[in-house]
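Fold and contact review
For reference, the chains in residue letters:
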Amino acid sequence: MQRTKGADAVPVKYRAAAEALDGTLTDGMTIAVGGFGLTGNPFDLIEAVRDSGVRELTIVSNNMGVDGIGLGILLESRQVRRVVASYVGENKLFAQQYLDGTVEVEFAPQGTLSERLRAGGAGIPAFYTRAGVGTPIAEGKPHAEFDGVTYVQERGIVADLALVHAHTADRAGNLVYRYAARNFNPLVATCGRVTAVEAEVLLDGYLDPEVVVTPGVYVKRLIEVTPREKPIEKRTVREREGAQA
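So, a few notes on the structure that sits alongside this text. (Residues numbered from 1 in each chain as written. Predicted model: local features only at pLDDT ≥ 70, side-chain atom pairs only at ≥ 80, totals over all residues. Heavy atoms only, no water.)

**Points about unusual backbone geometry**
- The backbone of R78 shows a phi angle near 60°, a positive value even though the residue is not glycine.
- You can see R78 is positioned in the loop between α3 (72-76) and β5 (80-85).
- Despite not being glycine, D147 has its phi angle at roughly 55°, a positive value.
- Mapped onto the elements of the fold, D147 is located in the loop between β8 (143-146) and β9 (149-155). (Helix = DSSP H or I, 4+ residues; strand = E, 2+ residues; numbered from the N terminus.)

**Description of the pattern of salt bridges**
- Scanning all chains against the criterion turns up 13 salt bridges.
- One salt bridge connects D44 with R228, and the closest N-O pair in it is separated by 2.5 Å. Of this pair, D44 sits in helix α2 (residues 43-52) while R228 sits in the segment after β13 (221-224), placing them 184 residues apart in sequence.
- Judged by relative accessible area, which is 37%, R228 ranks as partly exposed.
- Here the residues in one salt-bridge network are E56, R81, R82, E104, E106 and R116, joined through shared partners. (Salt bridge = Lys/Arg side-chain N within 4 Å of Asp/Glu carboxyl O. Buried < 20%, exposed > 50% of the residue type's maximum accessible area, 1.4 Å probe, protein only.)

**So, the nonpolar core**
- Ranked by internal contacts, the top residues of the largest apolar core, which has 31 residues, are I31, I59 and L163.
- Ranked by residue count, the leading element in this core is α2, at four residues.
- Contacts of I31, omitting those with residues within four sequence positions, involve L25, V49, L57, T58, I59, V60, A159, L161 and L163.
- Counting 22 residues, the second largest nonpolar core, distinct from the first, contains I157, Y177, V197 and L222. (Core = buried A, V, L, I, M, F, W, Y, C linked by side-chain atoms within 4.5 Å. Contact = heavy atoms within 4.5 Å.)

**Comments concerning the pairing of strand β7 (residues 126-129)**
- Burial along β7 is one-sided: the face carrying F127 and T129 is buried and the face carrying A126 and Y128 is not.
- Here β7 runs beside β9; their pairing, made up of four bridges, is antiparallel. Bridge pairing in β9 links F127 to E154. (Pairing = 2+ DSSP bridges.)

**Some points on the pairing of β8**
- For β8 and β9, the ladder comprises four bridges, and the chain directions are antiparallel. From the neighbouring strand, H143 faces β9, where its bridge partner is V152.

In C-alpha cells, the structure reads:
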C-alpha cells in the first residue's frame, strides 16, 4: 500500500484488488459496479469480491456480464441475493436464477438506472420521471402529476461500495475513461460511500483538468489492473473484399 503525496491527496494506491477491498466487504452489502455488457468491467475488483466469500450481496449494474465472465462469476458462486439492473440477456445463469426465485431482480429502465446512480452521487434522494408509468416498473411507487402529466417517483442509489474501471488515473485519483468504457463507470464512481478504482494507467503526475471526467475527490482506493485480454461478448467478423478462401 502506498499513500499518494500532496496535501489534498485522497486515494490510497494498493498493489492488488484484494488488498484494496480489505475491510470494505460485508455480507448483505450493496455494491454498484460499472460496465456495459463486458465493456468497462472492473474484472480485478469483481474477482476480489468473489474470492472474499462475502454473500447475500445486492449488485447494482446495467447487467450481470455473461456466464462465467464479469459479474457472472458472482452468480456462479451464489454470492448474489438481489440485482438492480436494466438488462438480463446474455447471461443464461442470471435468467435461470431469476426465474427460479433464487435471485431477486429489480428492473429499471436504462436511463432511469443512470439517473438513480447520478442522483445518489449528487445527494438527491428521489426524482420523478415518465419512464415506466403504467407498467409493472411503477407499481407501488409514489406518483405525481406535473402540468397534466403523470410521473413516477424513483429513488437515488447510494451504494456501500462502488467498483470502477478507468483507463487513466493520476496521483490525485482523477479519472478518464476510454471509448465505450465510459458507460456507467462515471456514474457508479460518484454513488459509493467507498469507491475503489482499477486503472490501466497510473500517472505519477496530474491529468490536464480539462480532460478529467471523474474528480479524484470521489476515489478512495486505487489499483493498477492486471494485464489481460479483454473479452468480447459476441465476436462478429466479415470477410474482406477480394480475400482468398
